[in-house]
Amino acid sequence: MTAKIIDGKKIAAELRTELRQEAARLKAAGMPPGLGVILVGDDPASRSYVTAKERACAEIGIYSSDNRLPADTTEDALLALIARLNADSRIHGILLQLPLPPQMDEGRILLAIAPEKDVDGFHPSSVGLMMLGRKTFLPCTPHGIVQLLARSGVNTVGQHVVVIGRSNIVGKPVANMLCQKSPTANATVTLCHSATMDLAHFTRQADILIVATGRPNTVTADMIKEGAVIIDVGVNRVVDAARTSGYRLVGDVDFDGVLSRASLITPVPGGVGPMTITMLLHNTVQAARDALTRRA
Ligand code: GUN
């Protein structure tokens, strides 16, 4: 068996075409969607993610306000900026790029974002509603994964999904979303993490394996079941002298190794990444639509 590639770029492009039309409709109705972007510090990976998110906004007709603060910014200064964006009627969503510098209390800062502008779905109110299966902003990477599976024709109902990684951004929410009783979830979910003993014992049982550890080669061919669907969330820079940049991007899975055993696999780059950005656009358009409904 040679795995088929799940083309995240193509699926993201289809969704973005729909979002472009909706953004134009909202603009015509007097509610052009707006995103407030905040980056604290100058981590190169975060900088490139934020740039990609702002470019994607421009491409589909979302106004974005760019707010870059130095790494030694105080919590109070960041909270003041969030308060300004919360009060700004042109801004419907706030994207605070994580991680924050170590002097900041991430939990305290995320709590300050108005839940109706929480397009990342990281506010405790959004997390609680998600867990209860109620309507809210869903976190972008997990939502993108659910969409990738659904739009690639992968049935998750009753399937064994194994997730590796328990971050608040990916592992915990994707495990939660996929066990909800809905047609695009309803899976049996196992959540593995750094203290899991005999990881391969669990991964070999996976019909769908989602890997979000931030470590290249976390999963190798001997660790998967024949025909498994592999979702690789990792984005790791490895040294590559042949490239002008000096590095290349790899995921958390030994892509070449598992290719002959898996049925479907996401590439890195071009798999999950474009979907994360697309779901941010989706949530921002949703936030503008909600604002229009509140105004009516
Ligand atoms: N850092 C890594 N992933 C994300 C994400 O989806 N949103 C934000 N805000 N920061 C991140």
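Conventions we followed
- Residues numbered from 1 in each chain as written.
- Predicted model: local features only at pLDDT ≥ 70, side-chain atom pairs only at ≥ 80, totals over all residues.
- Heavy atoms only, no water.
- Helix = DSSP H or I, 4+ residues; strand = E, 2+ residues; numbered from the N terminus.
- Rg over C-alpha atoms; globule rule 2.2 N^0.38 Å.
- Buried < 20%, exposed > 50% of the residue type's maximum accessible area, 1.4 Å probe, protein only.
- Pairing = 2+ DSSP bridges.
- Axes fitted to C-alpha atoms, helices over the stretch in contact; angles between N-to-C directions.
- Core = buried A, V, L, I, M, F, W, Y, C linked by side-chain atoms within 4.5 Å.
- Contact = heavy atoms within 4.5 Å.
- Near = heavy atom within 4 Å.
- Polar contact = N/O pair within 3.5 Å; in protein donor to acceptor, adjacent residues only side chain to side chain.
- Areas by Shrake-Rupley, 256 points an atom, 1.4 Å probe, with all protein chains shown as cover.
- Nonpolar A, V, L, I, M, F, W, Y, C, P; charged D, E, K, R; others polar.
- Patch = residues over 30% accessible without salt bridge, like charges linked within 9 Å, V, L, I, M, F, W, Y side chains within 5 Å.
- Salt bridge = Lys/Arg side-chain N within 4 Å of Asp/Glu carboxyl O.
- Expected span 1.5 Å × (residues − 1).

A. Geometry of the overall build of the protein chain. Along its length, the protein chain carries 10 helices and 11 strands. Taken over the C-alpha trace, the protein chain has a radius of gyration of 19 Å; the compact-globule value for 296 residues is 19 Å, and the two agree within 12%. With the principal axes as the frame, the protein chain shows a C-alpha extent of 55 × 40 × 35 Å. Taking all 296 residues of the protein chain together, the buried fraction comes to 50%.

B. Representation of the sheet that holds strand S3 (residues 63-69). If you walk across this open sheet you meet the three strands as S3-S2-S4, and the pairing is parallel. If you trace the sheet from one side to the other, it starts and ends with S3 and strand S4 (93-96), each paired once. Neighbour to neighbour, the strand axes of the sheet diverge by 15° on average, direction disregarded. As judged from the four bridges shared by strand S2 (residues 34-40) and S4, these two strands associate in the parallel manner.

C. Representation of the nonpolar core within the structure. Leu35, Ile145, Ile210, Val229, Ile231 and Val233 are the most contacted members of the largest nonpolar core, which has 52 residues in total. Counting residues per element, this core draws most heavily on helix H10 (residues 272-295), which supplies 11 residues. When sequence neighbours within four positions are dropped, the list of residues in contact with Leu35 reads Cys57, Ile62, Tyr63, Ser64, Ser65, Ile91, Gly93, Ile94, Leu95, Val119, Leu280 and Thr284. Core analysis: the next-biggest nonpolar cluster, separate from the first, contains 19 residues, Ala221, Ile230, Val253 and Val258 among them.

D. View of the site of the ligand. Neighbouring residues of the ligand: Lys53, Leu95, Leu96, Gln97, Leu98, Asp120, Phe122 and Ile169. At 3.3 Å from a nitrogen atom of the ligand is found a side-chain nitrogen or oxygen belonging to Gln97. Computed on the free molecule, the ligand has an accessible area of 280 Å², of which 84% lies beneath the protein chains in the complex. Residue composition of the shell around the ligand, by class: five nonpolar, one polar and two charged.

E. Structural context of the sheet that holds strand S8 (residues 229-232). Across the sheet, six strands lie side by side as S1-S11-S8-S7-S5-S6; this open sheet has parallel pairing. In this open sheet, the two strands that pair with only one neighbour each are strand S1 (4-5) and strand S6 (188-192). Where strand S7 (residues 208-211) lies against S8, four bridges are found, and the strand directions are parallel. Opposite Ile208, over in S8, you have Val229 as the bridge partner.

F. Representation of the side chain of Thr203 within the structure. Within the secondary structure, Thr203 sits in helix H8 (residues 199-203). There is a polar contact of 3.3 Å between the side chain of Thr203 and the backbone oxygen of Ala200. Setting aside residues up to four positions removed in sequence, Thr203 forms contacts with Val162, Ile164, Leu209, Met223, Ile224 and Lys225.

G. Spatial organisation of a nonpolar patch on the surface. Together, Tyr49, Val235 and Leu249 make up an exposed nonpolar region whose accessible area comes to about 230 Å². Examined against the element boundaries, Val235 turns out to sit in the loop between S8 and strand S9 (236-239). Residue classification places Val235 among the partly exposed residues on the basis of a relative accessible area of 42%.

H. Quick peek at the pattern of salt bridges. Inspection of every chain in the model, using the stated rule, returns 12 salt bridges. Between Glu22 and Arg289 there is a salt bridge; the shortest N-O distance is 2.8 Å. Pair noted here: Glu22 is in helix H1 (residues 8-28) and Arg289 is in helix H10, with a separation of 267 residues, a long-range link. The partly exposed category is assigned to Arg289, whose relative accessible area is 28%. For the salt bridge of Arg243 with Asp240, the shortest nitrogen-to-oxygen distance reads 3.6 Å.

I. View of H10. Taking 1.5 Å as the rise per residue, H10 with 24 residues should run 34 Å; its terminal C-alpha atoms sit 35 Å apart, in good agreement. Across the 24 residues that make up H10, a large majority, 17, are buried.

J. Layout of the side chain of Glu22. The exposure class of Glu22 is buried, given its relative accessible area of 15%. One polar contact links Glu22 to Arg289, side chain to side chain, over a distance of 2.8 Å.

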